[in-house]
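# Survey of secondary and tertiary structure
Residue-level listing of the chains:
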Amino acid sequence: MRTLVFGAGPLGSLYAHRLIQAGNEVTILARGQRYEQLQADGLALVDEMTGAKEESSAQVVDELRPEDEYDLVIVLIRKNKLSPIFKILAANDFLKNILFMGNNALGFKSYVDALPEKKLLFGFPGAGGGVDEHVVHCADREKPGGKRKPITIGEIDGEMRDRTQAIKSLFETAGIPVDLTQDIDGWLKYHVALVSPLVNALYKHDCDNYALAKDKATMRAMVRAAKEGGRVLHDLGYTKRQPFQFNLFYWLPEILNVKAIEGLLGSKFAEVAFARHARAARDEFGELADEFQSLVEQTSIATPNINLLRGYVD
């Protein structure tokens with residue numbers, strides 16, 4: 001499967017590297033200094049959970065031309081930066097499948113308005129990290145020797161097609177686990193309901209996850225905000241929560257949720273996967289909070305904790 005990874009940030013670089021190492025035909029699209037660095041030196045990564053350093057030679061381009069042909073384009077660009085990317089993708093008739101991976105609270109209308117619906121899939125990465133001096137510092141597992149976090153992928157209509165399985169197999173050849181969901185829109189909305197309060201709480205502590213883990217009052221507000229978000233989504237008809245961990249969060253009492261999130265936030269994984277990204281993407285999370293607020297306003301659900309935490313990102 002001839003694949004283009006559109007975006008050479010931490011996640012685009014990480015997944016391109018994994019796919020290249022597994023022998024897949026992969027090109028990565030980068031811009032500016034990142035393009036020049038990848039051309040000169042290739043991909044360089046540090047696994048922050050183990051300290052291991054990895055390198056790979058990547059085929060790199062700085063544009064997608066209208067005549068270029070790819071079986072799959074994996075777009076790893078922040079949602080608030082996608083408008084010009086839509087135009088570039090729409091100008092090419094030879095892209096067979098386009099997989100957008102990232103946060104999304106509002107559904108797929110803007111994507112379908114810009115691109116052929118039949119080409120589109122959506123998902124979410126299971127890793128996180130940042131780029132320092134052209135080196136990607138990443139984490140895709142919670143502890144050394146643990147299992148990698150899975151990517152989640154789904155079709156807009158929930159069908160499981162041959163291409164869905166083929167894309168799943170592509171990632172799995174590189175040792176990247178994949179979860180398929182029949183409700184990717186609901187999955188992404190519930191993910192935002194959980195992650196937006198967490199990241200907004202991080203901003204209270206200048207993205208210091210270890211400090212947040214010690215702030216009991218804010219931790220309780222974060223759990224309550226996520227449950228408020230769950231009630232909003234349920235009221236809007238999004239009643240199928242996947243994966244099981246989503247359901248578990250809403251079933252468990254507050255004290256157990258706080259304890260679990262405290263342990264997560266006090267970890268190296270949270271430092272790399274959550275705090276690094278939050279620090280670099282305040283604009284993205286501000287827009288994400290606004291998107292979820294537009295869902296809140298379609299209901300009569302009270303959201304005092306969402307409102308409290310939203311103030312920290314503004």
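Our structure is the block above this text.
Reference entry: report on the structure contained in this document. (Residues numbered from 1 in each chain as written. Predicted model: local features only at pLDDT ≥ 70, side-chain atom pairs only at ≥ 80, totals over all residues. Heavy atoms only, no water.)

### A word on the nonpolar core
Across soluble globular proteins, nonpolar side chains show a tendency to be buried alongside one another. Grouped together as the largest cluster of nonpolar side chains are 63 residues, with contacts concentrated most on F6, V73, V75, L89, I98, F100 and L265. Not counting residues within four places of it along the chain, the set of residues in contact with L265 comprises L198, N209, Y210, L212, A213, M219, M222, A270 and F274. Grouped together as the second largest cluster of nonpolar side chains are 34 residues, A58, L99, A127 and I176 included. (Core = buried A, V, L, I, M, F, W, Y, C linked by side-chain atoms within 4.5 Å. Buried < 20%, exposed > 50% of the residue type's maximum accessible area, 1.4 Å probe, protein only. Contact = heavy atoms within 4.5 Å.)

### Some details on the packing of aromatic side chains
The full count for this structure, using the stated rule, is twelve aromatic pairs. Consider the rings of F100 and Y111, whose centres lie 4.9 Å apart with planes at 70°: the pair is edge-to-face. On the criterion of sequence distance, the pair formed by F100 in strand β7 (residues 98-101) and Y111 in helix α4 (residues 109-114) is long-range, its members being eleven residues apart. You can call F100 buried: its relative accessible area is 4%. The buried category is assigned to Y111, whose relative accessible area is 3%. Three or more aromatic residues joined by ring pairs make a cluster, and in this case those are F86, F100, F108, Y111 and F122. (Phe/Tyr/Trp six-rings, centres within 6.5 Å; stacked < 30°, edge-to-face > 60°. Helix = DSSP H or I, 4+ residues; strand = E, 2+ residues; numbered from the N terminus.)

### Examining the sheet that holds strand β12 (residues 178-180)
Across the sheet, which stays open at both edges, the eight strands sit in the order β5-β2-β1-β6-β7-β8-β11-β12 with mixed pairing between neighbours. Edge strands, defined here as strands with exactly one partner in the open sheet, are β5 (59-61) and β12. Direction aside, neighbouring strands of the sheet carry axes that sit 25° apart on average. Pairing of β7 with strand β8 (residues 120-124), which is carried by four bridges, proceeds in the parallel orientation. Directly across from M101, in β8, lies its bridge partner G123. (Pairing = 2+ DSSP bridges. Axes fitted to C-alpha atoms, helices over the stretch in contact; angles between N-to-C directions.)

### A look at empty space enclosed by the protein
If a probe as big as a water molecule is rolled over the atoms, it shows which places are left empty. A complete count under the given rule lists three cavities of 30 Å³ or more for this structure. There is about 100 Å³ of room inside the largest cavity. Taken together, V192, A193, S196, P197, N200, A225, A289, F292, I306, L309 and R310 make up the lining of the largest cavity. Looking at the lining of the largest cavity, the elements that each hand over two or more residues are α6 (184-204), α12 (282-296) and α13 (304-313). (1 Å grid on protein atoms, 1.4 Å probe; cavity = no way out; pocket = protein on both sides within 12 Å on 5 of 7 lines; lining within 4 Å. Points joined across faces, edges and corners; volume = space filled by probe spheres on them.)

### So, the side chain of T303
Secondary-structure assignment places T303 in the loop between α12 and α13. On the basis of relative accessibility, which here comes to 6%, the residue T303 falls in the buried class. If we skip the residues at most four places from it in the chain, T303 touches E228, V232 and V296.

### Digging into the pattern of salt bridges
Tallying each qualifying case throughout the model produces 25 salt bridges. Two residues, E155 and R161, come together in a salt bridge whose shortest N-O distance is 3.3 Å. For E155, a relative accessible area of 1% translates into the label buried. Among the residues examined, R161 registers a relative accessible area of 33% and is labelled partly exposed. Residue D290 is joined to R310 by a salt bridge in which the shortest nitrogen-to-oxygen separation is 2.5 Å. (Salt bridge = Lys/Arg side-chain N within 4 Å of Asp/Glu carboxyl O.)

### A look at the side chain of N103
Among the structural elements, N103 can be located in the loop between β7 and α4. At a separation of 3.5 Å, a polar atom in the side chain of N103 contacts the side chain of H191. Only 3.3 Å separates the side chain of N103 from the side chain of E284, close enough to count as a polar contact. N103 has contacts with K79, F124, H191, V192, V195, E284, F285 and L288, leaving out every residue within four places of it along the chain. (Polar contact = N/O pair within 3.5 Å; in protein donor to acceptor, adjacent residues only side chain to side chain.)

### Regarding the pairing of strand β10 (residues 135-139)
A large share of β10 lies buried, amounting to four of its five residues. Examined bridge by bridge, strand β9 (residues 128-132) and β10 share five bridges and lie antiparallel to one another. Counterpart to G129 in the pairing with β10 is C138. The loop that links β9 with its antiparallel partner β10 comprises two residues; one of these, E133, has a positive phi angle of about 50°.

### Focus: the packing of helix α8 (residues 216-235) against α13
Between α8 and α13, whose axes approach to 7 Å, the crossing angle comes to 120°. The pairing of α8 with α13 is recorded here as oblique in orientation. By crossing handedness, the relation of α8 to α13 is classed as left-handed. Across the interface between the two elements, T218, A221, M222, R224, A225, E228 and G229 of α8 pack against P304, N305, I306, L308 and L309 of α13. Considering only residue class, the contact of α8 with α13 consists of seven nonpolar, three polar and two charged. (Parallel < 35°, antiparallel > 145°, perpendicular 65-115°, else oblique. Left-handed = near helix turned anticlockwise from the far one by under 90°. Nonpolar A, V, L, I, M, F, W, Y, C, P; charged D, E, K, R; others polar.)

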